[in-house]
Amino acid sequence: CLSRAPPYSNSCSRDPGLPSRRVQTLRVSFAENADPSQAETLSKAERKALWEAQNAQKAGEKQKLSKAERREIQEKQRAAKAGTEEPEAAAAPKQKDPASKPAKSENQTPNVQPAKSAQPGDAASGNAPGKGSAGTRLQHDDPKAMAKAKRNQALHRTEMQKKVPWFSHLPQYEREASLSAQLAERTDNDIHPEVLKLGLKLADWLIVGGNARTEAMLKAFSKVIMDYNPPKDHETGADMSRHLDTRLKPMISYLVACRPLCIGMGNAIRWLKGKIAHLPPTLSLDDAKQHLHEQMEGYVTEKIVFADRIISKHAAAKINNNDVILVYARSMAVEAAILRAHKEGTTFRVIVVDSRPKMEGKQLLDRVSAAGVACTYIMINSLSFVMKEVTKVFLGASAMLANGNVISRVGTASVAMMARQYKVPVLVCCETYKFSEKVMLDSICNNELGDPDELVASNNTLADWRDVKDMKLLNLVYDLTPAESLTLVITELGYLPPSSVPVVIREYRKEVTL
């Protein structure tokens, strides 16, 4: 046994837990700065011992910082990130007793996490805080974001004082009669007069409906482009594409301050910016203006005018004789479908459901009844009493989301869910330019708040509601209807299930990027 033992082993009967003399010698030699490259010719146990000795040496060399020193380093990094870094001599880490602590190794790094790099939406990345990337809504319950936004705001409005806490992140302003006077005092020419007039009309709700608002905005921007004068020596299409986008930014901010943009208006602005960015560089200034003007006219004609005609044709085909059609509020596409079906000779009856405070259903009632269609007008609280007579429900939409949910006038979700309870098919008429990549599961995160005084306009008892300490009024403009409550979506592309909305969005995005 002794004759066959390895040369570095004491004996074959030694304790296996004890290291061999060779391993012990190796640890001592490595501690005396032996060459670690000899590890390639060592056995597994010897390499393990070499590794342990190396770690022990590094652990002995590492110098740990005290709690006060780590805190001071962290404060220095925070100050550097905020741009308020103190002079290096004052911000250097202090040691209580330098003689008692050995010098730090050159490769030693403090055991502190490095400062975070700038993320998209931070001040370092060029975006205003609170706004984030394009399309992100400003959080009105963030004081820092609001303070910075007000400095760059084209129109200063008075925030509503008595907000409902759950909706404090949404913009809500007091009713003001001084907007025209405030705009008259402006000395700069950043905002075109046509855009100024449009903003005042939007703020006073003189232009309502997604189609009407989008069409009016594009017409105003068309006049802005036709009156646009670029800087000197920059009078080509390529120069116009660089400067015109900057010219439109304050106007868009002004329109948002007057009233938040709907999904259709946001998509139209994104489309317009894409057309401006891809202007042919060989065009002259006048040709570039005319090119954009024709493109915007074509967008309105194709996406709104012709789209409504095709939708009305598809929707009218779904109306049969002796049907009882229920509609809610007012939708231009639904109104056109009813008038077209009546013109084609179909005999049916319409139930118009309305709700306060806008009472938009009265306008639909006047148009449809004037054409000779038999109509019934009810308020939304009587919906359950008439639903058993209804054969089909036609609804409009402000936007179709990627998950198939619908954003529409508040009250639409109640009508759709009531129809689902009675097993009545629900058909939504919506143009494809209103389709959005966004996904929403409720109507709290993103919505629009109307004037709360509209709720008490006909009630003298609540006229002094602002003086009541714990009383707040909520006037929501939109709500969200889940896709499960919808049967069919009628677009200019034909009949679609709600689950096919992402397909249309994908193909529409290809068209926009061309």
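Residues numbered from 1 in each chain as written. Predicted model: local features only at pLDDT ≥ 70, side-chain atom pairs only at ≥ 80, totals over all residues. Heavy atoms only, no water.

Draft legend 1. Region of the structure containing the overall build of the protein chain. Scanning the protein chain for helices and strands turns up 16 helices and ten strands. Within the span of the protein chain, comprising 514 residues, buried residues form 41% of the whole. Sequence separation of 24 or more characterises 74% of the internal contacts of the protein chain that already satisfy a separation of 6 or more. For the protein chain, the accessible surface area stands at approximately 29100 Å², while carbon and sulfur atoms represent 52% of it. (Helix = DSSP H or I, 4+ residues; strand = E, 2+ residues; numbered from the N terminus. Buried < 20%, exposed > 50% of the residue type's maximum accessible area, 1.4 Å probe, protein only. Contact = heavy atoms within 4.5 Å. Areas by Shrake-Rupley, 256 points an atom, 1.4 Å probe, with all protein chains shown as cover.)

Draft legend 2. Spatial organisation of the sheet that holds strand β6 (residues 406–409). With respect to topology, three strands assemble into an open sheet ordered β5-β6-β8, the strand pairing being antiparallel. Looking along the sheet, the strands with just one partner apiece sit at the ends: β5 (399–400) and β8 (478–481). Strand direction decides the pairing type here: β5 and β6, joined by two bridges, are antiparallel. When the sheet's bridge partners are listed, Ala-399 is paired in β6 with Ile-407. Lying over the sheet, helix α15 (residues 412–421) contacts β6 and β8, oriented at roughly 30 degrees with respect to β8. (Pairing = 2+ DSSP bridges. Axes fitted to C-alpha atoms, helices over the stretch in contact; angles between N-to-C directions.)

Draft legend 3. Here's a closer look at the environment of Val-224. Among the structural elements, Val-224 can be located in helix α8 (residues 210–226). Given the relative accessible area of 2%, Val-224 is considered buried. For the pair formed by Val-224 and His-192, sequence separation is 32 residues and the distance between their alpha carbons is 6.4 Å.

Draft legend 4. Layout of the sheet that holds strand β7 (residues 426–429). Taken together, the seven strands give an open sheet; going across it, the order is β3-β2-β1-β4-β7-β9-β10, and neighbouring strands pair in mixed fashion. Each end of this open sheet is capped by a strand with a single partner; those strands are β3 (374–379) and β10 (494–496). Taking the axes of each pair of neighbouring strands and ignoring which way they run, one obtains an average angle of 25 degrees across the sheet. Examined bridge by bridge, strand β4 (residues 392–396) and β7 share four bridges and lie parallel to one another. The residue bridging Leu-395 from the neighbouring strand is Val-428, located in β7. Lying on the sheet, helix α11 (residues 285–316) is in contact with β4, β7, β9 (488–491) and β10; it crosses β9 at an angle near 140 degrees. Its contacts with the sheet put helix α13 (residues 361–370) on β1 (323–328), β2 (348–354) and β3, and the angle it makes with β3 is roughly 170 degrees.

Draft legend 5. Structural detail: the pairing of β9. Where burial is concerned, the two faces of β9 agree: the one with Leu-488 and Ile-490 and the one with Val-489 and Thr-491 are both buried. Pairing of β7 with β9 involves three bridges; the strand directions are parallel. The residue of β9 that forms the bridge with Leu-427 is Leu-488. Where β9 and β10 come together, three bridges link them in antiparallel fashion. Note that in β10 the partner of Thr-491 across the bridge is Gly-494.

Draft legend 6. How the structure looks around the layout of surface pockets. For the second largest pocket, the calculated volume is near 650 Å³. As for the second largest pocket, its lining consists of 33 residues, of which Gly-209, Gly-210, Arg-330, Ser-331 and Met-332 are closest to the centre. Those elements that provide at least two residues to the lining of the second largest pocket are α8, α11, α12 (332–343), β4 and β6. Among the residues forming the lining of the second largest pocket, the class breakdown is 13 nonpolar, ten polar and ten charged. When residues of the lining of the second largest pocket are sorted by domain, at least three fall in each of domain 1 (143–156 + 173–306) and domain 2 (318–511). (1 Å grid on protein atoms, 1.4 Å probe; cavity = no way out; pocket = protein on both sides within 12 Å on 5 of 7 lines; lining within 4 Å. Points joined across faces, edges and corners; volume = space filled by probe spheres on them. Nonpolar A, V, L, I, M, F, W, Y, C, P; charged D, E, K, R; others polar. Domains from an automatic or database assignment.)

Draft legend 7. Region of the structure containing the packing of aromatic side chains. Scanning the model with the defined rule gives two aromatic pairs in all. With a centroid separation of 4.5 Å and 35 degrees between ring planes, the pair formed by Trp-271 and Tyr-299 is classed as tilted. Of the two residues, Trp-271 sits in helix α10 (residues 263–277) while Tyr-299 sits in helix α11, which places them 28 residues apart along the sequence. You'll find Trp-271 and Tyr-299 in the same group, each marked buried. Ring centres of Tyr-299 and Tyr-433 lie 6.3 Å apart, and the angle between their planes is 75 degrees; this geometry places the pair in the edge-to-face category. Of this pair, Tyr-299 sits in helix α11 while Tyr-433 sits in the loop between β7 and β8; the two residues are 134 residues apart in sequence, bridging distant segments of the chain. With respect to class, Tyr-299 is no different from Tyr-433; both count as buried. An aromatic cluster is defined as three or more aromatic residues linked by ring pairs; in this entry it consists of Trp-271, Tyr-299 and Tyr-433. The residue whose ring lies beneath Lys-318 is Tyr-495, and the NZ or CZ to ring-centre distance is 4.6 Å. (Phe/Tyr/Trp six-rings, centres within 6.5 Å; stacked < 30°, edge-to-face > 60°. Lys NZ or Arg CZ within 6 Å of the ring centre and 35° of its normal.)

Draft legend 8. Spotlight on the packing of α8 against α10. Interhelical geometry of α8 versus α10 gives an angle of 30 degrees and a closest axis separation of 9 Å. On the basis of the axis angle, α8 is roughly parallel to α10. Here α8 and α10 pass one another in a crossing that is right-handed. Here Arg-213, Thr-214, Met-217, Leu-218, Phe-221 and Ile-225 of α8 come into contact with α10, specifically with Gly-264, Met-265, Ala-268, Ile-269 and Leu-272. Split by residue class, the contact of α8 with α10 holds eight nonpolar, two polar and one charged. (Parallel < 35°, antiparallel > 145°, perpendicular 65-115°, else oblique. Left-handed = near helix turned anticlockwise from the far one by under 90°.)

Draft legend 9. Structural view of the side chain of Lys-392. Within the secondary structure, Lys-392 sits in strand β4. Lys-392 sits in the buried class, given a relative accessible area of 15%.

Draft legend 10. Geometry of the nonpolar core. Ranked by size, the top nonpolar core spans 40 residues in total, and within it Val-195, Met-217, Phe-221 and Met-240 carry the most contacts. Put simply, the parts of the chain that give this core at least two residues each are α7 (193–203), α8, α9 (237–258), α10 and α11. Counting residues per element, this core draws most heavily on α9, which supplies eight residues. One finds Ala-329, Val-386, Val-426 and Cys-430 within the second-largest nonpolar core, a separate group that totals 31 residues. (Core = buried A, V, L, I, M, F, W, Y, C linked by side-chain atoms within 4.5 Å.)

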